[in-house]
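# Overview (structure and organization)
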Amino acid sequence: MAEALGVWIVGARGAVSTCAISGARAVARGLAAATGLVTGLSDLEPLGLVGLGQLVFGGHELRSGITLLQAAEELRDGPGLLSAALVGALKEDYAEIDRDIRPATALGCGETIRRLAQGSKLEDALTAKLIVEQLKADITDFKRRHELRRVVVVNLASTEPYHETLPACYQSLKAFRKALDNGAEGLTAGVLYAYGALESGCACVNFTPSLGADVPALLELAVERGLPHCGKDGKTGETLVKTVLAPMFAARNLKVLSWEGYNMLGNRDGAILDDPANNAAKTRGKDKALREILGDTPELHTRVRIDYCPSLDDWKTAWDFVHFQGFLGTKMIMQFIWQGCDSMLAAPLVLDLVRLTDYAWRCGETGVLKHTACFFKNPMGAETHDFWRQWEALKQYVQAHAACAPQRQKHTKARRA
Ligand code: NAD
């Protein structure tokens, strides 16, 4: 029987998580097609990735007053993302996974996120060190009960507020460990989740804009523990389109003067991003991609706004206005409107990243997985934001691995023996 892979989701009853879990089970049982999954493309077939039916889910969640089934029912009855037939078919799956969802921490997450917590959460009674111990114990227990050798921890929790100054202890692993022992100030949940995951011997995926493992101390830890990880902030909608289109202007020597992006969304993610501190974590540096692709000239004006519009629910709407100059200084305009279903764009990418991270892990890769850059708005260790160059890098990775597949199989067999 194929070996199971644990997927431990932080923010396990959120919209993206619920769609990812539902999608994995639906595709594995032949109840839905693999549309939207990058790993469903024939380009990635040579890797022989873990099957969706081999994924075992668990996680941490701040909202204890809701079950996974209720989260799925909300997505069925509200924005209509999950069909009644699918939610009905997965009832027992939701109940079984719920038993593996544990109370979470909202340490350093600010008031807007803390308000989500109903019932018990961790940090009211605990220090950061004890929180980490509890997070690790939850993952270890999950591993033991399901006899899992490998677990990928995925951060799908709400976007944490942006902090201009980071705690000094993030600068090295030694300082971080010392700070934990001495009762550190200014630590945030996302970093603790990543630390707990890596210390538990798990690979990590950070789909959120929150820091996660993207601090020197944790980059060091991942290498020390020989674990792969990737992030940050899934590239699902407006930024995806932007980083696909911007190279066209550059390749035609058209000078972009302004690129203004206006986003509206109405789901819980949108409500959290309505808080300016949380919004800053998402929008800060969002023009980095355009400046890298189009050239960082002072004339280029870019801005990204995200507003909360409750009636839209999960149907995010983005309007982009591109003012550009062509031959003999002629000014022209391009506009597009993107109306994407936020969670359904994100959910398959989460499953893709789990599969690719697991694959890299099995191949003995450690540290930041640069070849996953095309999945992220702010890819760690990235050389470019240009979607096409990122996509090419992923294809080259696949080709290089396909070429040495027979040798790898030999090694794996030898290791097992
Ligand atoms: P959501 O609000 O539906 O889900 C987040 C879940 O995390 C909620 O259930 C919440 O209770 C829980 N949570 C919040 N803080 C937590 C904590 N500290 N520990 C454990 N659980 C916690 O949001 P979503 O739409 O599912 O988005 C999830 C994340 O993915 C957000 O950070 C979002 O910015 C990011 N993201 C989403 C997309 C997309 O297209 N949907 C794209 C890129 C990034």
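Computed from a predicted structure; not experimentally measured.

### Focus: the overall build of the protein
- For the protein, the helix and strand inventory stands at 16 helices and 11 strands.
- What you see for the protein is a C-alpha radius of gyration of 21 Å, in line with the 22 Å of a compact globule of 417 residues.
- Taken along the three principal axes of its C-alpha coordinates, the protein extends 70 × 55 × 50 Å.
- Long-range pairs, those at least 24 residues apart, make up 78% of the contacts in the protein with a sequence separation of at least 6.
- About 18300 Å² of surface is accessible on the protein, with carbon and sulfur atoms providing 53% of the total.
- Here the protein contributes 48 positive and 48 negative side-chain charges, whose respective centroids are spaced 4 Å apart.

### As for the nonpolar core
- In this structure, Leu-55, Phe-57, Phe-176, Leu-187, Leu-192, Leu-218 and Phe-375 are the most contacted members of the largest nonpolar core, which totals 103 residues.
- Considering every element that reaches this core, the biggest residue donor is helix α14 (residues 342-362), with 11 residues.
- Counting residues in each nonpolar core, the second largest holds 12 residues, with Phe-249, Val-256, Leu-290 and Val-322 among its members.

### Focus on the pairing of strand β7 (residues 255-265)
- Alignment of β7 against strand β9 (residues 315-325), held across nine bridges, turns out to be antiparallel. Within β9, the residue paired with Lys-255 across the bridge is Gln-325.
- Both β7 and strand β8 (residues 301-308) contribute to a ladder of eight bridges, which runs parallel. Each bridged residue has a counterpart across the sheet, and for Met-264 the counterpart in β8 is Asp-307.

### Topic: the pattern of salt bridges
- Applying the stated criterion across every chain yields a total of 27 salt bridges.
- For the salt bridge of Glu-3 with Arg-150, the shortest nitrogen-to-oxygen distance reads 3.7 Å. Here Glu-3, found in the segment before β1 (5-10), pairs with Arg-150, found in the loop between α6 (128-146) and β4 (151-155); they are 147 residues apart in sequence, far enough to count as distant.
- Note on Arg-150: relative accessible area 11%, which makes it buried.
- Where salt bridges share partners, they join Glu-3, Arg-149, Arg-150, Asp-358 and Arg-362 into one cluster.

### Description of the state of the cysteines
- Counted under the stated rule, the structure contains zero disulfides.
- With no disulfide of its own, Cys-374 lies 10 Å from the sulfur of Cys-230, the closest cysteine sulfur.
- Exposure remark for Cys-374: the relative accessible area of 7% places this residue in the buried category.

### Description of α14
- If you check α14, its first and last C-alpha atoms are 31 Å apart, about what 21 residues at 1.5 Å a residue would give, namely 30 Å.
- α14 sits mainly inside the fold: 18 of its 21 residues count as buried.
- Remark: Gly-364 follows α14 within two positions and exhibits a positive phi of approximately 85°.

### Quick word on the sheet that holds strand β5 (residues 203-206)
- Pairing is parallel in the open sheet, where seven strands are placed in the order β3-β2-β1-β4-β5-β6-β11. Two strands bound the open sheet, and with one partner strand each, they are β3 (101-103) and β11 (367-368).
- Contacts from helix α8 (residues 189-199) reach β1, β2 (55-61), β4 and β5, with the element oriented near 155° to β5.

### Here's the deal with the side chain of Asp-98
- The residue Asp-98 is located in helix α4 (residues 91-98) in this model.
- Given a relative accessible area of 15%, Asp-98 falls into the buried group.
- Among the polar contacts made by the side chain of Asp-98, one reaches the main-chain amide nitrogen of Leu-68 at a distance of 2.8 Å.
- Not counting the four nearest positions on each side in its chain, Asp-98 is found in contact with Arg-13, Thr-67, Leu-68 and Leu-69.

### Details of the site of the ligand
- Close contacts around the ligand come from 32 residues, with Glu-61, Thr-105, Ala-157, Tyr-193 and Arg-268 the closest.
- Between the ligand and Glu-61, the relevant distance is 2.6 Å, taken from an oxygen atom to a side-chain nitrogen or oxygen of the residue.
- Protein contacts shield 99% of the accessible area of the ligand, which totals 840 Å² for the unbound molecule.
- Secondary structure elements with two or more residues in the shell around the ligand: α1 (15-28), β2, α11 (268-273) and α14.
- Its residues placed into classes, the shell around the ligand shows 14 nonpolar, nine polar and nine charged.
- For the shell around the ligand, the domains that each give at least three residues are domain 1 (5-234 + 344-403) and domain 2 (238-341).

### Describing the domain arrangement of the protein
- According to the domain assignment, the protein consists of domain 1 (5-234 + 344-403) and domain 2 (238-341).
- Computed over C-alpha atoms only, the centres of domain 1 and domain 2 are separated by 26 Å.
- Listed per partner, the contact involves 30 residues of domain 1 and 28 residues of domain 2.
- Summed over both sides, the interface of domain 1 with domain 2 buries roughly 2300 Å², with 60% coming from carbon and sulfur.
- Where domain 1 packs against domain 2, one counts zero salt bridges.

### Quick look at the packing of aromatic side chains
- This model, assessed by the stated rule, comprises eight aromatic pairs.
- An aromatic cluster is built from Tyr-170, Phe-176 and Tyr-195, whose rings are joined through pairwise contacts.

What counts, and at which threshold
- Residues numbered from 1 in each chain as written.
- Predicted model: local features only at pLDDT ≥ 70, side-chain atom pairs only at ≥ 80, totals over all residues.
- Heavy atoms only, no water.
- Helix = DSSP H or I, 4+ residues; strand = E, 2+ residues; numbered from the N terminus.
- Rg over C-alpha atoms; globule rule 2.2 N^0.38 Å.
- Contact = heavy atoms within 4.5 Å.
- Areas by Shrake-Rupley, 256 points an atom, 1.4 Å probe, with all protein chains shown as cover.
- Lys, Arg positive; Asp, Glu negative; His and termini not counted.
- Charge placed at Lys NZ, Arg CZ, Asp CG, Glu CD.
- Core = buried A, V, L, I, M, F, W, Y, C linked by side-chain atoms within 4.5 Å.
- Buried < 20%, exposed > 50% of the residue type's maximum accessible area, 1.4 Å probe, protein only.
- Pairing = 2+ DSSP bridges.
- Salt bridge = Lys/Arg side-chain N within 4 Å of Asp/Glu carboxyl O.
- Disulfide = S-S within 2.5 Å.
- Expected span 1.5 Å × (residues − 1).
- Axes fitted to C-alpha atoms, helices over the stretch in contact; angles between N-to-C directions.
- Polar contact = N/O pair within 3.5 Å; in protein donor to acceptor, adjacent residues only side chain to side chain.
- Near = heavy atom within 4 Å.
- Nonpolar A, V, L, I, M, F, W, Y, C, P; charged D, E, K, R; others polar.
- Domains from an automatic or database assignment.
- Buried area = accessible area lost by both parts, 1.4 Å probe.
- Phe/Tyr/Trp six-rings, centres within 6.5 Å; stacked < 30°, edge-to-face > 60°.

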